[in-house]
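Reading the structure
Given next are the chains, with one letter for each unit.
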Amino acid sequence: WRRAVALYREADITRTKEKLDALLEHVNRFAPAWNLRGQVKIWLDPERPAGAEADFAAAAELDPQNWIVPVRVSSEAFSQLVESAVDGFLQSEQGRIQAPNVVVEPLPARSDIAKGEDPDVRGTYFNPDNLGSSSPVGALGGDFAAGTRSDIIPGSRFTLYQRNIENLCPDADTLKIEIQASLSGEWASAMRVDLHATGGAEHHSEDAAVPDDDPEL
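First things first, this report covers the structure right here in the doc. The structure displayed is predicted, hence computed values, not measured ones.

**Digging into the pairing of strand 3 (residues 157-161)**
- Buried residues dominate strand 3, accounting for four of its five residues.
- Looking at chain direction, strand 1 (residues 102-105) and strand 3 are connected through four bridges and run parallel. Residue Val103 lies in a different strand from strand 3, and its bridge partner there is Thr159.
- Two strands pair when backbone bridges link them, and strand 2 (residues 123-126) and strand 3 are joined in this way by four bridges, in the antiparallel orientation. Following the sheet pairing, Gly123 is matched in strand 3 by Leu160.

Structure below.
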């Protein structure tokens, strides 16, 4: 299990699946392993998430308090939800901020994960004045003044990762909430302001501890 988690965090997705396949042949009641293999299958084929549903369902059946079967929507439907969230976000700020440039990708780039990015990250902020940086905080330039309309640098963008956000959501209503929270959270981090994002607590399989009484893990 620990080796599978390490490989996942290094973006070695194929070898992660191999480790999890072998593990689940011998230890099939460890819910985090089922959930992580579901996430791995999403990475291997993000355009066809149905192939991972059985693994997510197995985790949820073993431990319904901690694991879910994520809701899935088309890229078009997700983008529409993002547009609605942006509109609501701008209305709530009552003209105090510029309209952000928000794009949607299925998942982060594996090259970014290999460099240390969290594979479960919801989104990133890119500042063209800091080429090569996509950190929500570290991308800011030196001349920063919170609360001004000049905070958004031309060419900057927010990227939201559809499959990672969906992985947190058991239903469509939760998905709307988490998209809003993800957008607010990325904005707050990038602009260093408090927008009181209200999404649910994140719970990821690779953070799970190995049971003390199960040496096979």
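**Things to note about helix 4 (residues 53-62)**
- Considered for burial, the residues of helix 4 that qualify are Asp55, Phe56, Ala58, Ala59 and Ala60.
- On its buried side, helix 4 packs onto helix 3 (31-44).

**Examining the packing of helix 2 (residues 13-26) against helix 3**
- In the contact formed by helix 2 and helix 3, the axes pass within 10 Å of each other and the chain directions differ by 150 degrees. Viewed along their axes, helix 2 and helix 3 form a crossing whose handedness is left-handed. Between helix 2 and helix 3, the residues in contact are Ile13, Thr14, Thr16, Lys17, Leu20, Asp21, Leu23 and Leu24 and Ala33, Trp34, Leu36, Arg37, Val40, Lys41, Trp43 and Leu44, respectively.
- Taken together, the residues of the contact of helix 2 with helix 3 sort by class into 10 nonpolar, two polar and four charged.

**Examining the layout of surface pockets**
- Reported here for the largest pocket is a volume of approximately 260 Å³.
- Along the wall of the largest pocket there are 20 residues; nearest its centre are Asn66, Ile68, Asn167, Leu168 and His203.
- Here the residues of the lining of the largest pocket sort into seven nonpolar, nine polar and four charged.

What counts and how
Residues numbered from 1 in each chain as written. Predicted model: local features only at pLDDT ≥ 70, side-chain atom pairs only at ≥ 80, totals over all residues. Heavy atoms only, no water. Buried < 20%, exposed > 50% of the residue type's maximum accessible area, 1.4 Å probe, protein only. Helix = DSSP H or I, 4+ residues; strand = E, 2+ residues; numbered from the N terminus. Pairing = 2+ DSSP bridges. Contact = heavy atoms within 4.5 Å. Axes fitted to C-alpha atoms, helices over the stretch in contact; angles between N-to-C directions. Left-handed = near helix turned anticlockwise from the far one by under 90°. Nonpolar A, V, L, I, M, F, W, Y, C, P; charged D, E, K, R; others polar. 1 Å grid on protein atoms, 1.4 Å probe; cavity = no way out; pocket = protein on both sides within 12 Å on 5 of 7 lines; lining within 4 Å. Points joined across faces, edges and corners; volume = space filled by probe spheres on them.

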